[in-house]
Amino acid sequence: MTEKVEKTEEQWQEELTPEQYEVLRRKGTERPFSGELNFNKESGMYRCAACGSDLFSSDAKFDSGTGWPSFTEPAETPNILLEPDNKFGMKRTEVVCATCGGHLGHVFDDGPGPTGQRYCINSASLEFDKET
Ligand code: FE
C-alpha cells in the first residue's frame, strides 16, 4: 500500500497554483483545450501535481479530441480510486488520486483499445516527468 498524503486545505492552497487547487481540491474542471499537457506527445510519466504519485504513462495517452489529456489505463491500478459521481444529473465515475485524495477527472466506457476505457483527466491535476 502506498502511504497516504494528508494536508489541510490551507496547506494545499499554499502549495498548489489556483488552477491546480480548483481541480484537485475543489473537483473543478478546466476549460477544454486550455491545459498545457493536452497535446503533449513526449514519452514519460504523468504524476499527480499534488503528491507526485505515478498516475498515467505516456504509452496509454491518446488523442480523444475532447480537449483534455486522455488515457486508456492508469500506470498502477492501486494509485487511483474510482468513485461514483452523480452531480449535475449525470452518472459518471470520478477518478481520484489514491495517495492524496485529489480529484483528477472522470473515466468513461467509450475509449479505444483493449480496455475500452477513456480516462479524461484535467491537465492541471498532472505534472509531466519526461523520460530521459
Ligand atoms: Fe495525489
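This text follows the structure it describes.
Residues numbered from 1 in each chain as written. Predicted model: local features only at pLDDT ≥ 70, side-chain atom pairs only at ≥ 80, totals over all residues. Heavy atoms only, no water.

Comments concerning the overall build of the protein chain
Scanning the protein chain from terminus to terminus reveals two helices and nine strands. Listing every helix and strand of the protein chain by position from the N terminus yields α-α-β-β-β-β-β-β-β-β-β. Relative to its length of 132 residues, the protein chain is compact, with a C-alpha radius of gyration of 14 Å against a globular reference of 14 Å. In the protein chain, buried positions account for 45% of the 132 residues. When contacts within the protein chain are restricted to residue pairs at least 6 apart in sequence, long-range pairs at least 24 apart make up 54% of them. Total accessible area computed for the protein chain in this model is approximately 7,600 Å², and 48% of it derives from carbon and sulfur atoms. In the protein chain, which carries 14 positive and 24 negative side-chain charges, the distance between the mean positions of the two groups comes to 5 Å. (Helix = DSSP H or I, 4+ residues; strand = E, 2+ residues; numbered from the N terminus. Rg over C-alpha atoms; globule rule 2.2 N^0.38 Å. Buried < 20%, exposed > 50% of the residue type's maximum accessible area, 1.4 Å probe, protein only. Contact = heavy atoms within 4.5 Å. Areas by Shrake-Rupley, 256 points an atom, 1.4 Å probe, with all protein chains shown as cover. Lys, Arg positive; Asp, Glu negative; His and termini not counted. Charge placed at Lys NZ, Arg CZ, Asp CG, Glu CD.)

A word on the layout of surface pockets
Take a probe with the size of a water molecule and roll it over the atoms, and the empty space left behind shows itself. The space that makes up the largest pocket amounts to roughly 320 Å³. Taken together, 18 residues line the largest pocket, and the ones lying closest to its centre are Glu19, Glu30, Glu36, Ser123 and Ala124. Listed by contribution, the elements that provide at least two residues to the lining of the largest pocket are α2 (18-24) and β9 (126-130). Here the lining of the largest pocket takes four residues from α2, the largest share from any one element. (1 Å grid on protein atoms, 1.4 Å probe; cavity = no way out; pocket = protein on both sides within 12 Å on 5 of 7 lines; lining within 4 Å. Points joined across faces, edges and corners; volume = space filled by probe spheres on them.)

Quick notes on the sheet that holds strand β5 (residues 80-85)
Ordered in space as β3-β4-β8-β7-β6-β5, the six strands form an open sheet in which the pairing is antiparallel. Only two strands of the sheet have a single neighbouring strand rather than two, namely β3 (61-62) and β5. Here strand β4 (residues 70-71) pairs with strand β8 (residues 118-121) via two bridges, running antiparallel. Across the sheet, Ser70 pairs through a bridge with Cys120, a residue of β8. (Pairing = 2+ DSSP bridges.)

Some thoughts on the pattern of salt bridges
Counted by the stated rule, this structure contains ten salt bridges. Two residues, Glu22 and Arg26, come together in a salt bridge whose shortest N-O distance is 3.7 Å. What makes Arg26 exposed here is its relative accessible area of 56%. A salt bridge links Arg118 to Asp110; its shortest N-O distance comes to 2.7 Å. Arg118 sits in the buried class, given a relative accessible area of 12%. (Salt bridge = Lys/Arg side-chain N within 4 Å of Asp/Glu carboxyl O.)

A word on the coordination of the iron ion
The iron ion binds to the protein through Cys48 (SG), Cys51 (SG), Cys97 (SG) and Cys100 (SG); the donor distances cover 2.3 to 2.4 Å. Taken together, the four donor atoms coordinating the iron ion and their angles of 101 to 116° define a geometry best described as tetrahedral. Mapping the donors of the iron ion onto the primary sequence gives the spacing C-x2-C-x45-C-x2-C. Taken together, the positions of Cys51 in the loop between β1 (44-48) and β2 (54-57) and Cys100 in the loop between β6 (92-97) and β7 (103-108) put the pair 49 residues apart, joining distant regions of the chain. A relative accessible area of 7% means that Cys100 is categorised as buried. (Donors = N, O, S within 2.8 Å, 3.2 Å for Na, K, Ca; no water. Tetrahedral: all angles 85-135°; square planar, octahedral: opposite > 155°, others 65-115°.)

A short note on the sheet that holds β1
Strand order in the open sheet formed by three strands is β2-β1-β9, with antiparallel pairing between adjacent strands. Each end of this open sheet is capped by a strand with a single partner; those strands are β2 and β9. Neighbour to neighbour, the strand axes of the sheet diverge by 30° on average, direction disregarded. Both β1 and β9 contribute to a ladder of five bridges, which runs antiparallel. Bridged to Met45 within β9 is Asp129. (Axes fitted to C-alpha atoms, helices over the stretch in contact; angles between N-to-C directions.)

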